[in-house]
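The primary structure of each chain is shown beneath.
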Amino acid sequence: MPVFEAHIEDVEQRALTGTLPAQQDVIRLMTQAYQRYRTLDEGVVADYIPILGRADPARFGLSLVGVNGFVHELGDTAVGFSIQSISKAFVFALVREALGHEKLHEVVGVNNTGLPFNSVIAIELNDGSPMNSMNNAGAIATTALIPGADAQQRWDDLVGGLSAFAGHPLEVDQEVYRSEAETNHRNQALGRLLQSYGRLAVDPAEVVDLYTRQCVLTVTSTDPATMGATLADGGVNPVTGERVVSAETCRDTLAVLASCGMYERSGEWLFEIGLPGKSGVSGGIVAVSPGKGALGSFSPPLDPAGNSVRGQRACAHLSRALGLNLFASARFDSTEGALA
Ligand code: DON
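Computed from a predicted structure; not experimentally measured.

**Q** So, a negative patch on the surface: which residues are in play, and what are the values?
**A** Where like charges cluster on the molecular surface, the negative patch consists of E9, D10, E102 and E106. On the secondary structure map, E9 appears in the loop between α1 (5–8) and α2 (23–37). With a relative accessible area of 62%, E9 lands in the exposed category.

**Q** Report on the environment of T218, specifying residues and quantitative values.
**A** Position of T218 relative to the elements: it lies in strand β4 (residues 218–219). Owing to a relative accessible area of 29%, T218 belongs among the partly exposed residues under this scheme. Sequence separation between T218 and T249 is 31 residues; the distance between their C-alpha atoms is 24 Å. Sequence-distant contacts of T218, that is, excluding residues within four places in its chain, are made with G80, F81, L170, E171, D173 and D223.

**Q** So what's going on with the environment of T31? Residues and values would help.
**A** Inspection of the secondary structure assignment puts T31 in helix α2. In this structure the C-alpha to C-alpha distance between T31 and G75, which are 44 residues apart in sequence, comes to 9.6 Å. Looking at T31, its side chain comes within polar contact range of the main-chain oxygen of I27, at 2.7 Å.

**Q** An account of the side chain of S85 is requested, with residue identities and associated values reported.
**A** With respect to the helices and strands, the residue S85 is situated in the loop between β3 (81–82) and α3 (86–99). A polar contact of 3.0 Å, which involves the side chain of S85, links it to the side chain of Y263. Those residues within four positions of S85 in sequence are excluded, and the remaining contacts are N136, Y263, K278, S279 and G280.

**Q** Lay out the domain arrangement of the protein in plain terms, naming residues and giving numbers.
**A** The domains assigned to the protein are domain 1 (5–84 + 218–327) and domain 2 (87–215). Placing a centre on the C-alpha atoms of domain 1 and another on those of domain 2 gives a separation of 21 Å. The partner domain 2 presents 37 residues to the 40 residues of domain 1 that form the contact. Both faces considered, domain 1 and domain 2 share a buried interface measuring about 3300 Å² in area, 62% of it formed by carbon and sulfur atoms. For the domain 1 face of the interface with domain 2, the top three residues by lost area are Q84, M227 and Y263, together amounting to 18%. Counting across the interface, domain 1 meets domain 2 through 2 salt bridges.

**Q** Mind laying out empty space enclosed by the protein, listing which residues take part and the relevant values?
**A** Across all of its chains, the model carries 3 cavities of 30 Å³ or more by this definition. Counted as a void, the largest cavity has a volume near 40 Å³. As for the largest cavity, its lining consists of L20, L64, V65, A287, V288, S289, K292, G293, A294, L295 and L324. Partitioned by chemical class, the residues of the lining of the largest cavity number 8 nonpolar, 2 polar and 1 charged.

**Q** Requested: an account of the packing of α3 against helix α12 (residues 247–260), with residues and values cited.
**A** When two helices pack together, you describe them by how their axes are tilted relative to each other and by the distance separating the axes. At their nearest, the axes of α3 and α12 sit 9 Å apart, and the two run at 140 degrees to each other. Relative to α12, α3 is oriented oblique. Viewed along their axes, α3 and α12 form a crossing whose handedness is right-handed. Packed against α3, whose contacting residues are A89, F92, A93, R96 and E97, the element α12 presents E248, T249, R251, D252, T253, V256 and L257 at the interface. Residues belonging to the contact of α3 with α12 are distributed by class as follows: 5 nonpolar, 2 polar and 5 charged.

**Q** Describe the sheet that holds strand β1 (residues 61–66), with residues and values.
**A** Spatial strand order, β2-β1-β7-β6-β5: 5 strands in an open sheet with antiparallel pairing. For this open sheet the edge positions go to β2 (71–75) and β5 (277–279), each flanked by a neighbour on one side alone. Put simply, the sheet's adjacent strands are angled 10 degrees from each other on average, direction ignored. As paired strands, β1 and β2 are joined by 5 bridges and run antiparallel to one another.

What counts, and where the lines are drawn
- Residues numbered from 1 in each chain as written.
- Predicted model: local features only at pLDDT ≥ 70, side-chain atom pairs only at ≥ 80, totals over all residues.
- Heavy atoms only, no water.
- Patch = residues over 30% accessible without salt bridge, like charges linked within 9 Å, V, L, I, M, F, W, Y side chains within 5 Å.
- Areas by Shrake-Rupley, 256 points an atom, 1.4 Å probe, with all protein chains shown as cover.
- Salt bridge = Lys/Arg side-chain N within 4 Å of Asp/Glu carboxyl O.
- Lys, Arg positive; Asp, Glu negative; His and termini not counted.
- Charge placed at Lys NZ, Arg CZ, Asp CG, Glu CD.
- Helix = DSSP H or I, 4+ residues; strand = E, 2+ residues; numbered from the N terminus.
- Buried < 20%, exposed > 50% of the residue type's maximum accessible area, 1.4 Å probe, protein only.
- Contact = heavy atoms within 4.5 Å.
- Polar contact = N/O pair within 3.5 Å; in protein donor to acceptor, adjacent residues only side chain to side chain.
- Domains from an automatic or database assignment.
- Buried area = accessible area lost by both parts, 1.4 Å probe.
- 1 Å grid on protein atoms, 1.4 Å probe; cavity = no way out; pocket = protein on both sides within 12 Å on 5 of 7 lines; lining within 4 Å.
- Points joined across faces, edges and corners; volume = space filled by probe spheres on them.
- Nonpolar A, V, L, I, M, F, W, Y, C, P; charged D, E, K, R; others polar.
- Axes fitted to C-alpha atoms, helices over the stretch in contact; angles between N-to-C directions.
- Parallel < 35°, antiparallel > 145°, perpendicular 65-115°, else oblique.
- Left-handed = near helix turned anticlockwise from the far one by under 90°.
- Pairing = 2+ DSSP bridges.

Listed below in structure tokens is the structure:
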């Protein structure tokens with residue numbers, strides 16, 4: 001499908017969104033969701049990156065950041081974890097910001113593969129295309145597009161950009177980095193396979209290392225919420241007030257998250273939750289409600305696609321209770337008891 005933007009550049013991009021409910025309602029409804037799922041005992045902690053297998057399955061942190069800067073945190077929101085695939089969303093945004101609307105569409109793609117996040121077959125079935133920036137191959141191809149004179153410059157810009165989304169400097173967890181770098185043979189293979197199709201303009205080992213480092217930045221559940229709220233806020237971090245990316249970049253990033261953010265479960269996620277979202281294999285989830293804010297969660301047990309079970313359930317509950325679902329068109333009026 002062609003990129004349409006060249007034909008509609010003269011049409012102003014408008015945004016029609018509502019607002020979050022009143023703060024006391026947000027707090028009450030988040031508490032309900034947290035209590036309901038805190039003891040849910042489903043899913044399996046990932047251990048294909050050996051150190052992740054040590055995570056405490058009982059941990060559960062739930063955060064919300066509104067576009068007005070309101071922050072609410074419940075549970076284990078001080079526990080650090082590696083950002084993993086949630087980084088893909090924000091590296092996509094940085095590359096989209098640097099290279100424009102068309103480049104990632106052309107070079108990487110914006111369609112779901114319907115296959116798992118680390119699929120090799122997906123590349124083979126699609127003439128070497130990784131299809132989208134949210135699976136591992138596509139994320140490696142996206143990270144390879146970060147402009148910069150050398151690997152150090154590209155890393156500095158990457159970590160600086162992700163830190164601006166979070167509102168504070170993010171740091172590599174060296175222990176997780178070592179565990180992942182020693183065992184990421186499949187990602188090395190994906191890099192080589194992309195190279196064999198002429199789809200990587202840089203050294204695969206170097207870009208896979210950069211990708212691995214972006215995945216092991218330490219965050220708490222409030223970080224993805226703040227990063228997502230920046231995408232919800234047209235590119236301005238609502239806590240720091242810093243403009244990180246343009247509103248157009250946010251729009252494009254959220255579109256890819258909606259279609260590809262939860263891998264082969266993206267359709268079900270959209271059907272149940274109705275928000276652009278992204279998961280990470282250490283148990284993080286971000287769900288973004290454009291113009292309103294974002295939810296961030298941390299809970300290590302995952303479903304078979306690699307998405308946090310408690311996180312998905314809490315997002316489903318809150319998407320409904322807070323009126324976040326993009327596809328829900330019933331009138332929302334808190335003065336008429338819609339929050340009861
Ligand atoms: O490359 C990997 O396998 C990990 N660094 C990231 C995978 C991931 O988070 C998948 N998400 N649910």
